Amino acid sequence: NPPILPLAALRASMEIFDEVGMEALRTKSKHLTAYLEYLLGCLPNKPFVVITPSNPEERGCQLSILVREQGRALFEHLTHSGVVCDWREPNVIRVAPVPLYNSFSDVYRFVEILKNFSVNH
C-alpha cells in the first residue's frame, strides 16, 4: 500500500492540473519558451548558443544553452541570483520556464540576470 501523505500531495496536484487544464498549460508553455528564446536571441555578443530545437513541437518548456566560456561560473551566478536551473557537464545550462508557476516577468528577469553576468565578466 502506498503511504497516505504522498498520495494526498499527489491528489492535490492533480486537482490543480484539472482546474487549469492541460491545453491551457501547454499554450502558456509554448508562449513562455518562445519569449525566452526571443529574448536570448536579442542579446548582443552572446557567449552561448541555444541547442534545443526552435520548433515548439520538437521541445517541451526547456531550453538547453551551450555556454562557450565560464559556463560553470554563469550557472553559479544564476543560482546565487535565485534562478533554478540545471547544469549538465561539460558546459550546458538547462532553463525551463514552467507554465504552472513561472511568469513572463520571471523569464525577463532571468535574461536580465544573464545579461548582468555577461557585462561583468
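Just above, that's the structure.
All values derive from a computational prediction rather than experimental measurement.

Draft legend 1. The arrangement of the environment of valine 111 in detail. Mapping valine 111 onto the fold places it in helix 4 (residues 104-120). Taking relative accessible area as the criterion, valine 111 reaches 4% and is therefore assigned buried. The contacts of valine 111, once residues within four sequence positions are left out, are Leu36, Leu39, Leu40 and Leu43.

Draft legend 2. Local environment of helix 3 (residues 71-80). Among the residues of helix 3, Gly71, Leu74, Phe75, His77 and Leu78 are the ones counted as buried. For helix 3, the buried positions fall inside an angular range of 160° around the axis, keeping them on one side. Backbone geometry just after helix 3 places glycine 82 at a positive phi near 95°.

Draft legend 3. Quick look at the pairing of strand 4 (residues 92-95). Sheet topology note: the strand 2 (residues 63-67)/strand 4 ladder contains 4 bridges and is antiparallel. Bridge pairing in strand 4 places serine 64 opposite arginine 94. For strand 3 (residues 86-88) and strand 4, the ladder comprises 3 bridges, and the chain directions are antiparallel. Counted as the bridge partner of tryptophan 87 is isoleucine 93 from strand 4. The hairpin turn running from strand 3 into strand 4, its antiparallel successor, is 3 residues long.

Draft legend 4. Geometry of a nonpolar patch on the surface. Side chains of Ile4, Leu5, Leu7, Leu10, Met14, Ile16, Phe17, Val20, Met22, Leu100 and Tyr101 sit close together on the surface and give an oily, nonpolar patch of about 1,100 Å² of accessible area. Among the elements that make up the nonpolar patch, the one with the highest residue count is helix 1 (residues 4-20) (8 residues). Looking at where leucine 7 falls in the secondary structure, it is placed in helix 1. Of the residues examined, leucine 7 reaches a relative accessible area of 36% and is grouped as partly exposed.

So, how was this worked out
- Residues numbered from 1 in each chain as written.
- Predicted model: local features only at pLDDT ≥ 70, side-chain atom pairs only at ≥ 80, totals over all residues.
- Heavy atoms only, no water.
- Helix = DSSP H or I, 4+ residues; strand = E, 2+ residues; numbered from the N terminus.
- Buried < 20%, exposed > 50% of the residue type's maximum accessible area, 1.4 Å probe, protein only.
- Contact = heavy atoms within 4.5 Å.
- Arc of directions from axis to C-beta.
- Pairing = 2+ DSSP bridges.
- Patch = residues over 30% accessible without salt bridge, like charges linked within 9 Å, V, L, I, M, F, W, Y side chains within 5 Å.
- Areas by Shrake-Rupley, 256 points an atom, 1.4 Å probe, with all protein chains shown as cover.
- Salt bridge = Lys/Arg side-chain N within 4 Å of Asp/Glu carboxyl O.

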